[in-house]
Amino acid sequence: EKPIKIVLDGFRGPLERNGVQINGQMAAWKDQLSDQEIADVLTYVRSSFGNSAGEVTKDQVASVRGETSGQLIPYTESEL
């Protein structure tokens, strides 16, 4: 659910991973990509680059899109 939210509505602010501090911004894609396109991108990323996570479906994206339709600004780490 978190990756879907990030692709749909974007991400902003600081986070730390493996001791590395990052303070960045990711644009929201909900108005540019369909549910299927978002599912395809996330499935690719989750199964590439040494990752082995499962498929993201169009229905999962549609569900999260509906649940978060009121999100107007990018998420922060604490909101996820």
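See the structure above.
For every chain, the first residue of the written sequence is number 1, and numbering continues from 1 onward in sequence order. The predicted nature of this model means local features are confined to residues of pLDDT at least 70 and side-chain atom pairs, given and counted, to a pLDDT of 80 or more, with totals for whole chains, interfaces and linings taken over all residues. Side-chain metrics rest on all non-hydrogen atoms present in the structure, leaving aside hydrogens and water.

**Examining the packing of aromatic side chains**
1) Next: Planes of paired rings set the category: under 30 degrees apart is stacked, over 60 is edge-to-face and the rest tilted, where pairs are Phe, Tyr or Trp rings (Trp by its six-membered ring) whose centres lie within 6.5 Å. Counting across every chain of the model gives one aromatic pair.
2) Next: Seen from their ring centres, tyrosine 44 and phenylalanine 49 are 5.8 Å apart, and the 85° between their planes marks the pair as edge-to-face.

**Examining the pairing of strand 2 (residues 20-26)**
1) Next: Note: two strands are recorded as paired if DSSP finds a minimum of 2 bridges between them. Under the DSSP-based scheme used, a helix requires at least four consecutive residues in state H or I and a strand at least two consecutive residues in state E, with every element numbered from the N terminus. When strand 1 (residues 11-17) meets strand 2, the two strands line up antiparallel, connected through seven bridges. The residue of strand 2 that forms the bridge with glycine 13 is glycine 24.

**What to know about a nonpolar patch on the surface**
1) Next: Within this analysis, patches are made of residues with over 30% relative accessible area and no salt bridge. Like charges are joined at 9 Å or less; nonpolar side chains (Val, Leu, Ile, Met, Phe, Trp, Tyr) at 5 Å or less. Each accessible area is a Shrake-Rupley result for a 1.4 Å probe, and residues are judged covered by the shown protein chains and nothing else. Basic side-chain nitrogens of Lys or Arg form a salt bridge, by our definition, when they fall within 4 Å of a carboxyl oxygen of Asp or Glu. Taken together, the side chains of Val41, Tyr44, Val45 and Phe49 define a hydrophobic patch exposed on the protein surface, amounting to about 430 Å² of accessible area.
2) Next: One can find valine 41 in helix 2 (residues 35-46).

**A look at the pattern of salt bridges**
1) Next: For the structure shown, the criterion picks out five salt bridges.
2) Next: The residue lysine 30 makes a salt bridge to aspartate 9 at a minimum N-O spacing of 2.7 Å. Separated by 21 residues along the polypeptide, lysine 30 in the loop between strand 2 and helix 2 and aspartate 9 in helix 1 (residues 2-9) bring together distant segments of the chain.
3) Next: Partly exposed residues are those whose accessible area sits between 20% and 50% of the maximum for their type, while under 20% is buried and over 50% is exposed, using a 1.4 Å probe and protein chains only. Here aspartate 9 falls in the buried class, since its relative accessible area comes to 3%.

**Describing the packing of helix 1 against helix 3 (residues 58-67)**
1) Next: Axis lines are fitted through C-alpha atoms, for helices just across the contact stretch, and the angle between N-to-C directions can take any value from 0 to 180 degrees. As a packed pair, helix 1 and helix 3 sit with axes 10 Å apart at the nearest point and diverge in direction by 65°. Between helix 1 and helix 3, the angle falls in the class roughly perpendicular. Pair helix 1 / helix 3 crosses with right-handed handedness. The segment helix 1 lies against helix 3, with Ile4, Lys5 and Leu8 engaging Gln60, Val61, Val64 and Arg65.
2) Next: Of the residues in the contact of helix 1 with helix 3, the class split is four nonpolar, one polar and two charged. By definition in this entry, angles of less than 35 degrees are roughly parallel, angles greater than 145 are roughly antiparallel, angles of 65 to 115 are roughly perpendicular, and the rest are oblique. Crossing handedness is read from the near helix: turned anticlockwise from the far helix by less than a right angle, it gives a left-handed crossing, and turned clockwise, a right-handed one. In this description, contact between two residues means that some pair of their heavy atoms is separated by no more than 4.5 Å. Think of it as three bins: nonpolar holds Ala, Val, Leu, Ile, Met, Phe, Trp, Tyr, Cys and Pro, charged holds Asp, Glu, Lys and Arg, and polar takes everything else, Gly as well.

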